[in-house]
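Notes for the structure review
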Amino acid sequence: MIRTIVILLCLLVAKLQSQDFTKQEIVIAEDLIGDLYQPKKEKAKVLIIQIPGSGIPDRNGNSPGMENNSLKFLAESLASQHAVFAFDKRVITQMKAKKEIKEEEMTFQDNVKDLEIIINHFKKEKKFSKIVLIGHSEGSLVAMLAANKTNGYISLAGAGRSIDFILKDQLLAQAPFWKEEIELGLNTLKSQQPYENKNQMLESIFRKSVQSYMMSWMQIDPAVEIKKLQVPILIINGTKDIQVKETEAEILHQVKPDATLIILENMNHVLKNIHGDLGENYKSYTDPNLPLHPELSKVILDFILKNIY
């Protein structure tokens, strides 16, 4: 009963806050489309660009069968004070338009190039004096590689090790009985060689069409790249994140000790407040009404106030 009341109150607050901003869909370039949130009370000086995570989450943080509104709620919570641009990755726009998708031609660097197009678009417009990047999950690394072109960088549930290590941990936790195949596949791709997958249960990870993307992604070490940044940095993770453990954030902080590290108690990978067991954690991935962790937007707004203005 208490939990229901808390959720209803949070939803009421979110609804009231939504009156403090406007939202307009804008086209940056072909297949690069997103929502621009802007505060109503005064002209925004800071633009926050949100970069979504791996797979096919849209600008709101939702994937087919996994609607949780994580990035939508985050944009709304920040938009009463700053402008926020939340966009669909190019592949999402192409899927919505039922265009041909050439997955085998994609590389990780394509994400960075698209982000740079977005950054340059807003720089040319000169509507905002500062730009801050918030990268969630895989988007943390995408944002990291473009962050020196902006005024600030926020890693949200981002990895500290290259993706082959993260995938290995995730896959072995779910299927330890396929340890040999998982390690062989990841090691083969890491060495920049194609892998002949014979296990249909691992096809989503090792299918031929995605191997070029995976090989390019595996070559990038976040712990190396973050040391190159010359902008204020905030690193955030949660203690209930079952995909990217808080130790990943600690790795980033160890190599970049001048960054600000915040570990939010009970926040999971989709930025929700989890007090229960693993079942509650999984359920939150498909609950579009469950609000954000209550401390998340405050931490981000405080960082911007102290480090970006």
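Everything below is about the structure shown above.
The text that follows walks through the structure, step by step, so that each part is easy to find.

Conventions adopted
Residues numbered from 1 in each chain as written. Predicted model: local features only at pLDDT ≥ 70, side-chain atom pairs only at ≥ 80, totals over all residues. Heavy atoms only, no water. Buried < 20%, exposed > 50% of the residue type's maximum accessible area, 1.4 Å probe, protein only. Helix = DSSP H or I, 4+ residues; strand = E, 2+ residues; numbered from the N terminus. Pairing = 2+ DSSP bridges. Arc of directions from axis to C-beta. Contact = heavy atoms within 4.5 Å. Phe/Tyr/Trp six-rings, centres within 6.5 Å; stacked < 30°, edge-to-face > 60°. Core = buried A, V, L, I, M, F, W, Y, C linked by side-chain atoms within 4.5 Å.

**As for the pairing of strand β2 (residues 32–39)**
For β2, a buried count of six out of eight residues is recorded, marking the element as mostly surrounded by other parts of the structure. Relative to β2, strand β1 (residues 21–29) runs antiparallel, the two sharing eight bridges. The residue of β2 that forms the bridge with Ala 29 is Leu 32. Bridge count between β2 and strand β4 (residues 83–87): four bridges; the pairing is antiparallel.

**Focus: helix α11 (residues 246–255)**
Count 3.6 residues to each turn of an α-helix, and residues three or four apart come out pointing the same way. Of the positions making up α11, those classed as buried are Glu 248, Ala 249 and Leu 252. Down the axis of α11, the buried side of the element spans an arc of 100°, and every buried residue falls inside it. In this structure, the buried side of α11 is in contact with α5 (138–146), β6 (152–156), α6 (163–174), α10 (222–225), β7 (233–238) and β8 (260–264).

**Description of the packing of aromatic side chains**
Using the criterion set out here, one finds nine aromatic pairs in the structure. Plain terms: the ring middles of Phe 108 and Tyr 213 are 6.2 Å apart, the flat faces sit at 55° to each other, and that makes the pair tilted. You can see Phe 108 sitting in helix α4 (residues 108–125) and its partner Tyr 213 sitting in helix α9 (residues 208–218), a full 105 residues away along the chain. Judged by its relative accessible area of 0%, Phe 108 is buried. Their ring planes at 80° and their centres at 5.8 Å tell us that Tyr 213 and Trp 217 sit as a pair that is edge-to-face. Here Tyr 213 and its partner Trp 217 are both found in helix α9, four residues apart, which amounts to about one turn of the helix. For the pair Tyr 213 and Trp 217, a shared accessibility class is recorded, and that class is buried. Three or more aromatic residues joined by ring pairs make a cluster, and in this case those are Phe 85, Phe 87, Phe 122 and Phe 128.

**Here's the deal with α5**
Most of α5 sits inside the fold, with eight of its nine residues counted as buried. All buried positions along α5 are accounted for by Glu 138, Gly 139, Ser 140, Leu 141, Val 142, Ala 143, Met 144 and Ala 146.

**Comments concerning the nonpolar core**
Grouped together as the largest cluster of nonpolar side chains are 55 residues, with contacts concentrated most on Leu 47, Ile 49, Phe 85, Leu 115, Phe 122, Leu 133 and Tyr 153. Apart from residues lying up to four places away in sequence, Leu 47 is in contact with Leu 36, Ala 83, Val 84, Phe 85, Phe 122, Phe 128, Lys 130, Ile 131 and Val 132. One finds Phe 21, Val 46, Leu 74 and Val 299 within the second-largest nonpolar core, a separate group that totals 29 residues.

No statement about biological role is implied by the geometric values presented.
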